[in-house]
Amino acid sequence: MALPYFITSLRPSRRSESEKEHRMNPIKLLASLSAIQWLLFLSGWVAWTMDAYDFFSVSLTVPLLSKQFNRPTHDITTAITLTLLFRSLGAVLFGVFSDRFGRKWPLVFNLILVAILELGSGFCNTFKQFLAVRSLFGIGMGGIWGQAAATGLENLPVEARGLFSGILQEGYAVGYLIAAVVDLTLVPHNRHGWRSLFWLGSGLSLAAAVFRALLPESQVFIRAREEARAKGTLLNEKQKTRIFLHETKEMLKKEWLLCIYAVLLMTGFNFLSHGSQDLYPTFMKTSKGFSDHSATVATIIGNCGAIAGGIVAGWVSQRIGRRLTIIIFTISIGAWIPLWILPSSFSALAAGAFFIQFGVQGAWGIIPVHLNELSPPGFRSTFPGVAYQLGNMVSSASAQIEATAGDHIKTTITNRSTGAREVVPDYGKVQGILIGVVAAFVVIMTLIGTENRGRHFESSKLAIEGDGSSTDVSEIQHPNGADDVEAVSAPPEKPGNDDFHDEKKA
């Protein structure tokens, strides 16, 4: 009995020894990049890192903000929810600007906007002001990831994209790590307290904008402009906009099923990351009774695991495929949930944080390249960014769900200072249940999905050139390799979204 295609397509491809050595040697991959490829990649990585720093400034200071504004924890987490909700709007606006006008200046403007709003966050004196500023910040934050992924990956050679996808995505963990270190060292000793964390983030985001402004436009847009000039087909801005809008309409007509799938997949992924991170410092302080210092150290250890997981998974995915790697790392999460939430000692909890984030962010490390390879070629900023942020919007209440559930699910701990018994919210149980359910959902969604590993999307037409809305099968490498003697035969074509199944026909 033949196995379903979505099962057999997970089988790793077979390659020649020389190709396998090049693909699996990270040193050769790192050395293969030119200076401009490194700089463009770093500009995307730095932008995403600063974006994460700014976002997690709230998560790390929930107790301080609760005291400052005299509000309970679940009220403070409203700021996180609003930021996540408004990120979708930013993804649409800046994604369209990036695909229409180029990668450089939309990202520069986006980073400047983030810097201004992060600065404003530190000057808020009322809770309403803080919520308003963080809502606007969500618009700025929402535009960064899609642009950073497109800028960072489209200028790299195909064989390097898996590894660098993991490095790029873990800018998220590095940003969290930097914010945690600042929260540990600067905030307690600064007379401005939590505000200093936000002000420093503003300066770092502005520096990221300057860095990107000093670099050239993405090579994909330079190539398109030079080809049009050579052919004598340069278009004015009005013509480009008309073509772009037409291509957008055609893309939505052809790729609606792929769009829905990507949003569902990213909903699961965002519940996975926010459910395991946003309230983790509060879990360590409230449910386990550790000090702010210990909670921050545990957060730092967890993010070291995230960085390692993302890089390893990205590298492995270049060999065994995007979906299989995601499934392996997501399943590993379940094995570490007990160590993550049950122990009482700091060392055991910190180890659990390391390994749970190794799995969570390992799976996440593949997402930048996976979504860029799935994306309609002319919309590599808009499609991944909007799918990501719509998933964020659906999962935006994850911190509030956990905080509210903690108000109803209680546990008893011994106060580490007084020795008295206290009844506290059981955030550990809440996080464990949520992450277990979400991990299962992510595995199912990944299993029934598709991948275009090895796609040469950098050679595709941009949306402003026309014909950038559909997938060219000549740019897609079969999931089992074009030269694999045991490659899976394509299943019968089904009615519906043809482009969603392009790699089956390749």
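What this report covers is the structure whose coordinates are included nearby.

Procedures and definitions
- For every chain, the first residue of its written sequence is number 1, and the numbers climb from 1 along that sequence.
- Local features in this predicted model are restricted to residues of pLDDT 70 or higher, and side-chain atom pairs are both shown and tallied only at a pLDDT of 80 or more, whereas totals for entire chains, interfaces and linings draw on every residue.
- To obtain the side-chain values, all non-hydrogen atoms of the structure were used and water was disregarded.
- Secondary structure elements are taken from DSSP: a helix is a run of H or I of four residues or more, a strand is a run of E of two residues or more, and numbering for both begins at the N terminus.
- We call a residue buried when its accessible area falls under 20% of the maximum for its residue type, exposed when it is over 50%, and partly exposed in between, using a 1.4 Å probe and counting protein chains only.
- Accessible surface is estimated by sampling points in the Shrake-Rupley manner with a 1.4 Å probe; for residues, cover comes only from the protein chains shown.
- Only the stretch in contact is used when a helix axis is fitted, and all axes are lines through C-alpha atoms; the angle between N-to-C directions ranges over 0 to 180 degrees.
- Any angle from 65 to 115 degrees is called roughly perpendicular, while one under 35 is roughly parallel, one over 145 is roughly antiparallel, and all others are oblique.
- Working rule for handedness: look at the near helix, and if it is turned counterclockwise from the far one by less than a right angle, call the crossing left-handed; if clockwise, right-handed.
- Contacts between residues were defined by any pair of non-hydrogen atoms, one from each residue, lying within 4.5 Å.
- When residues are sorted by character, Ala, Val, Leu, Ile, Met, Phe, Trp, Tyr, Cys and Pro go into the nonpolar class, Asp, Glu, Lys and Arg into the charged class, and all the rest, Gly among them, into the polar class.
- Pairs were defined over the aromatic rings of Phe, Tyr and Trp, the Trp ring being its six-membered one, requiring ring centres within 6.5 Å. Orientation was assigned from the angle between planes: stacked under 30 degrees, edge-to-face over 60, tilted for the rest.
- In this analysis the charged atom, NZ for Lys or CZ for Arg, is taken to sit over a ring once it is within 6 Å of the ring centre and within 35 degrees of the ring normal.
- The pairing criterion is simple: DSSP has to find at least two bridges between the two strands.
- Residues forming no salt bridge and having over 30% relative accessible area are the ones grouped into patches, like charges within 9 Å of each other and nonpolar side chains (Val, Leu, Ile, Met, Phe, Trp, Tyr) within 5 Å.
- Salt bridges are counted wherever a side-chain nitrogen of Lys or Arg sits within 4 Å of a carboxyl oxygen of Asp or Glu.
- A 3.5 Å cut-off defines polar contacts: any pair of N or O atoms within that distance qualifies, except that in protein one atom must be a possible hydrogen donor and the other a possible acceptor, and neighbouring residues in sequence count only when both atoms are side-chain atoms.
- As used in this record, nonpolar core signifies buried Ala, Val, Leu, Ile, Met, Phe, Trp, Tyr and Cys residues forming a set joined through side-chain atoms within 4.5 Å.

## Structural notes on the overall build of the protein
Then step 1. When you go through the protein residue by residue, the secondary structure sums to 23 helices and 2 strands.
Then step 2. Across the 506 residues in the protein, those meeting the buried criterion constitute 59%.
Then step 3. Summed over all atoms, the accessible surface of the protein reaches about 19000 Å², with 67% contributed by carbon and sulfur.

## Notes on the packing of helix α10 (residues 171-185) against helix α16 (residues 292-320)
Packed helices, taken two at a time, are described by the angle their axes make and the gap between the axes.
Then step 1. As a packed pair, α10 and α16 sit with axes 9 Å apart at the nearest point and diverge in direction by 160 degrees. Judged on the interaxial angle alone, α16 and α10 are roughly antiparallel. For the crossing formed where α10 meets α16, the hand is left-handed. Across the interface between the two elements, A173, V174, Y176, L177, A180, V181, D183 and L184 of α10 pack against H293, T296, V297, T299, I300, N303, A306 and I307 of α16.
Then step 2. Within the contact of α10 with α16, the residues separate by chemical class into 11 nonpolar, 4 polar and 1 charged.

## A word on the packing of aromatic side chains
Then step 1. A complete count under the given rule lists 26 aromatic pairs for this structure.
Then step 2. Geometrically, the ring pair formed by F69 and F130 is tilted, given 5.5 Å between the ring centres and 40 degrees between the ring planes. Residue F69 is located in helix α5 (residues 62-69), and its partner F130 is located in helix α8 (residues 127-153); the two are separated by 61 residues in the primary sequence.
Then step 3. One residue, R87, lies across the ring of F55, its end atom 5.5 Å from the ring centre.
Then step 4. One residue, R87, lies across the ring of Y388, its end atom 5.7 Å from the ring centre.

## Digging into the pairing of strand β2 (residues 421-425)
Residues in a regular strand project their side chains so that they alternate between the two faces of the sheet.
Then step 1. Across 5 bridges, the pairing between strand β1 (residues 410-414) and β2 is antiparallel. Bridging across to β2, T414 finds its partner in R421.
Then step 2. The hairpin turn running from β1 into β2, its antiparallel successor, is 6 residues long, and G419 in that turn takes a positive phi close to 80 degrees.

## Re a nonpolar patch on the surface
Then step 1. Taken together, the side chains of L85, F86, L89, L93, F97, F101 and M393 present a nonpolar region at the surface, about 590 Å² in accessible area.
Then step 2. With 6 residues, the top contributor of residues to the nonpolar patch is helix α6 (residues 73-101).
Then step 3. Along the chain, L85 falls in helix α6.

## Observations concerning the packing of helix α4 (residues 35-60) against α5
Then step 1. Where α4 contacts α5, the two axes come as close as 5 Å, and the packing angle between them is 65 degrees. With respect to α5, the axis of α4 lies roughly perpendicular. Contact residues: V58, S59 and L60 in α4; V62, P63 and L65 in α5.
Then step 2. Of the residues belonging to the contact of α4 with α5, the class tally is 5 nonpolar, 1 polar and no charged.

## Some thoughts on the pattern of salt bridges
Then step 1. Counted under the stated rule, the structure contains 9 salt bridges.
Then step 2. K253 serves as the salt-bridge partner of E250, at 3.7 Å between the closest nitrogen and oxygen. Within this pair, E250 and its partner K253 are both found in helix α13 (residues 237-254), separated by 3 residues, close to a single helical turn.
Then step 3. E250 gets classed as buried once you look at its relative accessible area, which sits at 18%.
Then step 4. Since its relative accessible area comes to 53%, K253 is described here as exposed.
Then step 5. Taken together, the shared-partner salt bridges in this structure form one network comprising D99, R103, E154 and R380.

## Some thoughts on the side chain of S98
Then step 1. In this structure, S98 sits in helix α6.
Then step 2. Looking at S98, the relative accessible area reads 0%, which means it is buried.
Then step 3. For S98, the side chain forms a polar contact with the side chain of R103, separated by 3.1 Å.
Then step 4. A polar atom in the side chain of S98 sits 3.4 Å from the side chain of S381.

## Describing the nonpolar core
Most often, soluble globular proteins have nonpolar side chains that are buried together.
Then step 1. In terms of nonpolar packing, the biggest core is built from 108 residues, with F130, F164, M266, F269, L272, M284 and I367 touching the most fellow members.
Then step 2. Tallying contributions element by element places α8 first for this core, with 11 residues.
Then step 3. For F164, the residues in contact, after removing those within four places along its chain, are L29, L30, L33, W38, F41, L153 and L156.

## What to know about unusual backbone geometry
A negative phi angle is the norm for most residues apart from glycine, just as the trans form is the norm for most peptide bonds.
Then step 1. Look at N70: it is not a glycine, yet its phi comes out positive at around 55 degrees.
Then step 2. Here N70 is to be found in the loop between α5 and α6.

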